[in-house]
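Per-entry structural report
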Amino acid sequence: MTTHFPQGARIGVLTTEPVGLLDYLSPEGGVLLGQLVVVPLGPRRVLGVVWGKGMGDFDASKLRPVARLVDAAPFGEGVLEFIQRAADYTLTPLPVVLRMMLRAPDLDQPPAARRVVHRVGPAPERMTEARAAVLRVIEEHGGAGFAPSELAQLAGVGTSVVKGLVAAGTLVETEAPKDSPYPRLDPSLPGKPLAPDQAVAAETLRTGLRGGGYATTLLRGVTGSGKTEVYLEAVAETLRMGRQALVLLPEIALSAEFIDRVEARFGARPGEWHSGITRTERRRLWHMAGRGEVGVVVGARSALFLPFRDLGLIVVDEEHDSSYKQDETVHYSARDMAVLRASIEGAQVVLASATPSVETWVNAATGKYRRVDLRARYGEAELPEMAAIDQRKEDLPSGRWISPTLGRAVEERLERGEQSLLFLNRRGYAPVTTCRACGHQIGCDDCDARMVEHRFQRRLICHQCGATKPIPVACPACEVEGKLAAIGPGVERLAEEVAERFPERRAVVLSSDLYTSARALKETIANIAAGEADIIIGTQIVAKGHNFPALTLVGVIDADLGLQGADLRAAERSFQLMRQVAGRAGRQAGDRPGVALLQTHQPEHPVIRAILSGDDEAFWNAEAESRHAARMPPFARLAGIILSHPDQPVVEAYAQELARRAAPLSEIGAELFGPAPAPIARVRARYRVRMLVRAPRQAPLQSAIAAWLAAAPKAPTNLRLAVDIDPQSFL
Ligand code: ADP
Ligand code: ZN
């Protein structure tokens, strides 16, 4: 039963404007709680949601009525509570969270104002390149209707070109049709027959769903063990119960393959939500999610902010993946927000991973989460054999990165017609460009960071801010020419070494910056899978779930790379990454298991030892213990406070002032570290200062920080302050 406010009742509306909650009068016909509305605000009209009874002490006779109802399903009470609690948790103003939930285009436009263009008539008499581009976009999308501005944007032309085609009779402009619901996914279609441990896991998830309440389950198993197969059974059960399921994936590139798999399982395609969908698709999915007219949504982290009508299941696949953490505008972890949302909705969460985060591992160990394990790989393809190559004992000339041992292993694969993967998590040609005459290192003008040479693109690129410049001939400091030298390896440089050593062979570099579109990347991946490469040289994008059947060797060029950081999660990330990369070898090699070789200068390092031994639990237990000893998450709570300003003294003085007034923090037993320059002390010409708050696990961290910041002196103009609850790193 949704609350109804009769005409003239005083209601509170949460607007998308910084003012937030304001009182209005319920319009003619009344209004439901959670209804999206357009309200007058001064001379403007703004979007809002009916939040509850009016509360303000504003003079009732001066209240204005709601201007108009938005044609969208009202938000359920669970959605309203989620907005409130997500705002409380992340210390974000309510209107900002509300805006995150209002991702459908044109919500503030009356439906009649929505126009679309379609192709109807013959090609125009006068055909120009711009016109042809527009027609191509229409054909590529199977004749779908487009908003004129969107069509122009996709075609890379001005809107006048679209208007011209309408005038020529090639296109026709009409009012947008009502969005149609998604085809029903059929849960009664049979899934694959499950292996015994898969069947046990699936039954555990189904039982949880039928119980009707909230619970989180860690579904653990190596890549290829059938986790997806198992959670699709949970999706089927959710559909049978008439509820909605959301599957979160970390990588857009993976979702096309995944969508096909869902379609094969349920006979229809699920809704898709990520940055690559059109405005029309975005609008349709958003509205259908709210009406309960899409059963399954597959999406990136922001899909968590769709206004689902009855969410029964949230799957977070690869739950440890760092792309689930958003660090711009609002700092949040999609995994934690999934748990929050599910606990409000009485939904189940499945966290799937081969290498769960330490937080999730500890939550499973203490019984806060359930845990089900898939032990063997499906069909019993074996895990790779692992070994370290002790770099201290290998004879490597400078500027060379493939050790003799690794080189021989690659040769063996080439002889057998199998693929090798050389993994180096460094984009570009070389991380440092230095002058051999004066020792100067080329840095970014705006950041406290070195410029990275990207030889394929013939540019130096700052990996902090994306600034680029041409590779200079002369040193910018001493002006001596021809003395600039590349120091250290990147994947492009490694590719050069591969080309020299194995000149007749087909090598492919997989690095995110070398592909201009997700489609181009996907094609390359498909070509590799089809055997059209002998040696793959890749950054961390190769670690994610791609299946290369002929790949039997993984060589990790620098296993020590991630271990050096002083960061909280350095060991964990490094472990996860190398474990995943190693798992690429020999997935389906049949009788011959794959091999993973780790080049390292410290084979006795605990992380390297844990990877080599294959004893993952030993790693998590040891890592959990060291976090416990250091009073670090998940045994304590952290919040990062990042302040930035173009002037260093200004930001430093303000941070000092904040630190002096930190009494609300000590009241809850929290400690304040800093202020100190952030590890990257300058980004985009702004100086960055960082503070870290550490609180006991049960302490009310957010309200203490809110009280502290609320009592702070007025911030200098142009100062930015961001709060990052549960920071993932210390950058
Ligand atoms: P994960 O999600 O753990 O990486 P998947 O569910 O993708 O594993 O399974 C890996 C491969 O094995 C997939 O091609 C999948 O279709 C297949 N597979 C898994 N379980 C079964 C099963 N019970 N019967 C047939 N094929 C299966
Ligand atoms: Zn920069």
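Rules used in this analysis
Every residue gets a number counted from 1 within its own chain, in the order that chain's sequence is written. Whichever chain is written first becomes A and whichever ligand is written first becomes 1, with later ones labelled in order. Local features in this predicted model are restricted to residues of pLDDT 70 or higher, and side-chain atom pairs are both shown and tallied only at a pLDDT of 80 or more, whereas totals for entire chains, interfaces and linings draw on every residue. Here a helix means four or more residues in a row that DSSP labels H or I, a strand means two or more in a row labelled E, and each is numbered from the N terminus. We call two residues in contact whenever the C-beta atoms placed from their backbones are within 7 Å. Note on burial: count the other C-beta atoms lying within 10 Å of the residue's C-beta; 20 or more is buried, 12 or fewer is exposed, in between is partly exposed, and C-beta positions come from the backbone. Two strands are counted as paired when DSSP detects at least two bridges linking them. UniProt positions are given in the numbering used here, feature names are shortened, and annotations may be inferred rather than shown by experiment. Residues of type Ala, Val, Leu, Ile, Met, Phe, Trp, Tyr and Cys that are buried and joined through C-beta atoms within 7 Å form what is called a nonpolar core.

1. Structural notes on the overall build of the protein
A tally of helices and strands in the protein yields 20 helices and 33 strands. In terms of its C-alpha atoms, the protein occupies a principal-axis envelope of roughly 85 × 70 × 65 Å. The contacts in the protein between residues at least 6 apart in sequence include a share of 74% that link residues at least 24 apart.

2. Quick notes on the pairing of strand β20 (residues 419-423)
On a regular strand, one side chain projects to one face of the sheet and the next to the other, so that they alternate. For β20, a buried count of five out of five residues is recorded, marking the element as mostly surrounded by other parts of the structure. Along β20, one buried face is formed by Gln419, Leu421 and Phe423 and the opposite face, lined by Ser420 and Leu422, is buried too. Bridge count for β20 against strand β28 (residues 551-556) is five bridges, and the pairing is parallel. Note that in β28 the partner of serine 420 across the bridge is leucine 553. In the sheet, β20 pairs with strand β27 (residues 535-538) via four bridges, with the strands oriented parallel. The residue bridging leucine 421 from the neighbouring strand is isoleucine 536, located in β27.

3. Notes on the UniProt feature "binding site: Zn(2+) 2" (unreviewed entry) in the protein
Per the UniProt record, "binding site: Zn(2+) 2" (unreviewed entry) is annotated on Cys444, Cys447, Cys462 and Cys465. Of the residues just listed, which span 22 residues, no C-alpha pair is farther apart than 8.7 Å, and they cluster in one region. Within the secondary structure, cysteine 444 is located in the loop between β21 (432-435) and β22 (451-454). Not counting chain neighbours up to four residues away, the residues in contact with cysteine 444 comprise Ala449, Met451, Cys462, Gln464, Cys465 and Ala467. Mapped onto the fold, cysteine 462 is located in strand β23 (residues 459-462).

4. Remarks on the nonpolar core
Side chains that are nonpolar tend, in soluble globular proteins, to be buried together. In this structure, Val13, Tyr231, Leu248, Val297, Ile314, Val316 and Ala338 are the most contacted members of the largest nonpolar core, which totals 144 residues. Setting aside its immediate chain neighbours within four residues, valine 297 contacts Leu246, Pro270, Gly271, Trp273, Leu285, Ala289, Ala303 and Leu306. Leu665, Ala695, Ala704 and Ile705 belong to the second-largest nonpolar core, a separate cluster that totals 22 residues.

5. Some points on the sheet that holds strand β6 (residues 44-53)
Spatial strand order, β3-β2-β6-β5-β7: five strands in an open sheet with antiparallel pairing. Each end of this open sheet is capped by a strand with a single partner; those strands are β3 (21-25) and β7 (68-69). Pairing of strand β5 (residues 36-41) with β6 involves six bridges; the strand directions are antiparallel. Each bridged residue has a counterpart across the sheet, and for valine 39 the counterpart in β6 is valine 46.

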